[in-house]
Amino acid sequence: MRTETRNRSWGLCARCCALLALACVQPRQVSPQALTRAPEYKPKTQVQGTIRIWGHGALGHDFITSLMVALEDGFRKQQPRIVFDNELHGTASAMGALYTGTGDIALLGRDILPVEVEAFEDVFHHPPLGIDIMTGSLDIRNKEFALVVYANKKNPIQHLTTKQMERVFGGRDTVKTWGDLGLTDEWADAPVHVYGFEIHRGFGYLMQQRVFGGSAIWNPELKEFGDVKRPGGTLLDAGQRISDAVGEDPYGIGYSSLLYKNTAIKPLALEATSGHFILPTKESVEDHSYPLEQVITCYINRDPGKPIDAKLAEFFRYVLSRDGQEIVERAGGYLPLTAQLSAHELRKLE
């Protein structure tokens, strides 16, 4: 059983580490576009009490902790009677805390799993309410980077439809040759060699939801890569191993991230809408036109037809305001929400 003393001690420790981490980061200038992302925060009412946040994060690793602490500190300047109790032990802990009543906000670093929704609905008989609070990065490790599909530079292919991606990586109507993807001449009969992350990781689940239409069936020929340690003890990320494998294989195709460099590969433009293809850029990830971006979402328990707990509503109004999104942009890594996306999330609070 957690004690109040332990919570306060952990919170003080996490806050000190977070502030130290922020102090070591070179401050970034806020872009002019960010100043018009959303209106500044104006409290509708003064609130009090404790907001308990569970989920994304890890003791000893500043994945998102310092950013959440900065948002909380900014909010408390406007709402000084609010206290935060952070239990950021990882996304797997988030929804369980919400549907057992241990937490008020479940902070997720990946898309919510169907089993998590089902468990919540079994308890409360309605689905949890998800509120997006920021966008994942373009290419920064541990900041929910966008996934990118790569081909070898020798390959003439330039883009893929969503259906073609499913046929490459999924297990239904799987492609065998590059001719199956529309290439001709010497490429028509060339085999397709497929590379990717281990399918049990969150990246695999994102592909299943966004590309496979919820199916968990993968291409049996997919070569899965995990993180490995080099002889000297340093970590070689799976994403770099995937990029290198595609770079060494003219017939290779894989999904990884722009974080991982190899001069022999190229990112493919992916279908955003029918006949319209988007390359991964900071702008296309930030405005969510790129189809494989990631989003940081908070889930709460809201009875349909009833107002949101006032202290939670005020906190989300702050985070989604110009004030909150400026903090996201200054911290770097995660991307702030555009004005349109912020407005969409704010409507959920009404």
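The following paragraphs examine the structure supplied in this document. Since the structure is predicted, the reported quantities are computational estimates derived from the model, not experimental observations. (Residues numbered from 1 in each chain as written. Predicted model: local features only at pLDDT ≥ 70, side-chain atom pairs only at ≥ 80, totals over all residues. Heavy atoms only, no water.)

Across the sheet, 3 strands lie side by side as E6-E13-E14; this open sheet has mixed pairing. Of all the strands in the sheet, the pair left with one neighbour each is strand E6 (159-160) and strand E14 (276-278). Bridging between strand E13 (residues 269-273) and E14 involves 3 bridges; their strand directions are antiparallel. Within E14, the position partnered with Thr 273 by the bridge is His 276. (Pairing = 2+ DSSP bridges. Helix = DSSP H or I, 4+ residues; strand = E, 2+ residues; numbered from the N terminus.)

We now examine helix H5 (residues 162-169). With respect to burial, H5 is a largely interior element, 6 of its 8 residues being buried. Packing partners of the buried residues in H5 comprise strand E5 (148-152), E6, strand E7 (193-197), helix H6 (202-210), strand E11 (252-256) and E13. (Buried < 20%, exposed > 50% of the residue type's maximum accessible area, 1.4 Å probe, protein only. Contact = heavy atoms within 4.5 Å.)

Within H6, the full set of buried residues consists of Phe 203, Gly 204, Tyr 205, Leu 206, Met 207 and Gln 208. The inward-facing, buried residues of H6 contact helix H4 (114-124), H5, E7 and E11.

Across the 5 residues of E11, 5 count as buried, placing the element largely inside the fold. Residues Gly 252, Gly 254 and Ser 256 point to one face of E11 and Ile 253 and Tyr 255 to the other, with burial holding for every one of them. Here 4 bridges tie E5 to E11, and the two strands are oriented antiparallel to one another. Within E11, the residue paired with Val 149 across the bridge is Tyr 255. Across 3 bridges, E7 lies against E11 in parallel orientation. Within E11, the position partnered with His 193 by the bridge is Gly 252.

A separate point is the packing of aromatic side chains. Counted by the stated rule, this structure contains 17 aromatic pairs. Aromatic side chains Phe 145 and Phe 203 sit 5.3 Å apart centroid to centroid with 10 degrees between the ring planes, which places their arrangement in the stacked category. Taken together, the positions of Phe 145 in the loop between strand E4 (129-135) and E5 and Phe 203 in helix H6 put the pair 58 residues apart, joining distant regions of the chain. The same class applies to Phe 145 and to Phe 203, which are both buried. On the basis of an interplanar angle of 85 degrees and a centroid distance of 5.7 Å, the ring pair of Trp 187 and Tyr 251 is categorised as edge-to-face. One end of the pair, Trp 187, is in the loop between H5 and E7; the other, Tyr 251, is in the loop between helix H7 (238-248) and E11, and 64 residues separate them in sequence. Taking relative accessible area as the criterion, Trp 187 reaches 10% and is therefore assigned buried. On the basis of relative accessible area, Tyr 251 is assigned to the partly exposed category, the value being 32%. Put simply, the rings of Phe 145, Phe 169, Phe 197, Phe 203, Phe 212, Trp 218, Tyr 255 and Tyr 260 touch in pairs and so form one group of aromatic residues. (Phe/Tyr/Trp six-rings, centres within 6.5 Å; stacked < 30°, edge-to-face > 60°.)

A word on the side chain of Ser 215. Residue placement: Ser 215 occurs in the loop between H6 and strand E8 (223-225). In terms of polar contacts, Ser 215 uses its side chain to reach the backbone amide nitrogen of Ile 217, at 3.1 Å. Those residues in contact with Ser 215, other than ones at most four positions away along the chain, are Arg 172 and Gln 208. (Polar contact = N/O pair within 3.5 Å; in protein donor to acceptor, adjacent residues only side chain to side chain.)

As a further point, take the packing of helix H2 (residues 65-78) against helix H10 (residues 322-331). Look at H2 against H10: their axes get within 10 Å of each other, and the N-to-C directions meet at 150 degrees. In terms of orientation, H2 lies roughly antiparallel with respect to H10. Along this stretch, H2 crosses H10, giving a crossing that reads as right-handed. Two secondary-structure elements touch here, H2 through Leu 67, Ala 70, Leu 71 and Gln 78 and H10 through Asp 323, Gly 324, Ile 327, Val 328 and Ala 331. Residues belonging to the contact of H2 with H10 are distributed by class as follows: 6 nonpolar, 2 polar and 1 charged. (Axes fitted to C-alpha atoms, helices over the stretch in contact; angles between N-to-C directions. Parallel < 35°, antiparallel > 145°, perpendicular 65-115°, else oblique. Left-handed = near helix turned anticlockwise from the far one by under 90°. Nonpolar A, V, L, I, M, F, W, Y, C, P; charged D, E, K, R; others polar.)

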